[in-house]
Amino acid sequence: MNTQDEYSMTYLDSCARPVLLLIHGFPMDSLMWQIQLEDLGDMARVVAPDLRGFGGSPATLSPYSMGMFADDCASLLDYLAISRPVVVGGLSMGGYVALEFYRRYPLRVAGLILASTRAAADSPEAQLSRDKLAARVRQRGVSAVVEALLPKLFAPAMHRRHAETVEFVRQMMLAGSVEGVVGALMAMKERPSSLPTLPTIAVPTLVIHGNQDAVVPLAEAQAMAAAIPDARLKILRGVGHMSNLEEPDAFSDAVADFLDELGAEEE
Ligand code: MLT
């Protein structure tokens, strides 16, 4: 460290662990990462923001964009005085934000974790569905998004065997604000394709995907991993879209192995 008079000090810091920024999916909040905070807290400083309009972060007026979410994450790191490169992970919409963050702040990224997500932009049909869903949310509130999305989020067996996890996610979805949900829908609708970004990614990347994901087909994640120069793909069997909650141990283990690998590369 160089102080003002150019005197150079060395120091120990108990917070010298790698920083893992975990960005939630739509329409969730940081609570979805609770298990990973517990599982990974010993080996990393885990920072999980509530994106604008979700959890405790108040909504603002539209327009929302992936760029706005990425800038908010960068501002949070600035606020926490984290200037060294961090591992940025995102699930689904969080993955869209992570890719946008990488485009905007490549030097702040030590590694990427892309979970249950895709690189392609919305098709015209998907954009139309976003508009229809946003209209329903404006009319009937956020329960409209729960009805549309919840049945697709989990592998079928989860609904039978882990009804409490499904209920936890339902409550998290219901806690979202109309402005935040509509803003995020429009941001996803307008997001640029990240396909051209993939071959330019110069950091190690972990792609995690459930083979029963009904929101983003596994083939898209496989193609995404194949297009990223230094990517490894972890497929979770019998798992749907909410990969970090459906198989939390396997998910956290994959992230822990990735962090170990990154640490070993640094040494
Ligand atoms: C999510 O899980 O974040 C969303 O379902 C992603 C999307 O709708 O594209």
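What this report covers is the structure whose coordinates are included nearby. Remember, it's a predicted structure, so these values are computed and weren't measured experimentally.

### What about the site of the ligand?
Right, on to step 1. Surrounding the ligand, one finds Gly25, Phe26, Ser92, Met93, Tyr96, Arg130, Met188, Val215 and His241.
Right, on to step 2. Ser92 has a polar side-chain atom sitting 2.8 Å from an oxygen atom of the ligand.
Right, on to step 3. With respect to the ligand, the side chain of Tyr96 contributes an N or O atom lying 2.6 Å from an oxygen atom.
Right, on to step 4. Burial of the ligand by the protein amounts to 95% of the accessible area it has alone, namely 270 Å².

### Some words on a negative patch on the surface
Right, on to step 1. There is a patch of like negative charges on the surface, built from Glu38, Asp39, Glu247, Asp249, Asp253, Asp257 and Asp260.
Right, on to step 2. At the level of elements, α1 (34-40) and α11 (248-266) are the ones that each hand at least two residues to the negative patch.
Right, on to step 3. Counting residues per element, the negative patch draws most heavily on α11, which supplies four residues.

### Remarks on the environment of Pro248
Right, on to step 1. Following the sequence through the fold, Pro248 ends up in helix α11.
Right, on to step 2. By relative accessible area, Pro248 is classed as buried at 18%.
Right, on to step 3. Distance in space between the C-alpha atoms of Pro248 and Asp230 is 24 Å, their sequence separation being 18 residues.
Right, on to step 4. The contacts of Pro248, once residues within four sequence positions are left out, are Ile35, Gln36, Asp39 and Ser243.

Rules used throughout
Residues numbered from 1 in each chain as written. Predicted model: local features only at pLDDT ≥ 70, side-chain atom pairs only at ≥ 80, totals over all residues. Heavy atoms only, no water. Near = heavy atom within 4 Å. Polar contact = N/O pair within 3.5 Å; in protein donor to acceptor, adjacent residues only side chain to side chain. Areas by Shrake-Rupley, 256 points an atom, 1.4 Å probe, with all protein chains shown as cover. Patch = residues over 30% accessible without salt bridge, like charges linked within 9 Å, V, L, I, M, F, W, Y side chains within 5 Å. Salt bridge = Lys/Arg side-chain N within 4 Å of Asp/Glu carboxyl O. Lys, Arg positive; Asp, Glu negative; His and termini not counted. Charge placed at Lys NZ, Arg CZ, Asp CG, Glu CD. Helix = DSSP H or I, 4+ residues; strand = E, 2+ residues; numbered from the N terminus. Buried < 20%, exposed > 50% of the residue type's maximum accessible area, 1.4 Å probe, protein only. Contact = heavy atoms within 4.5 Å.

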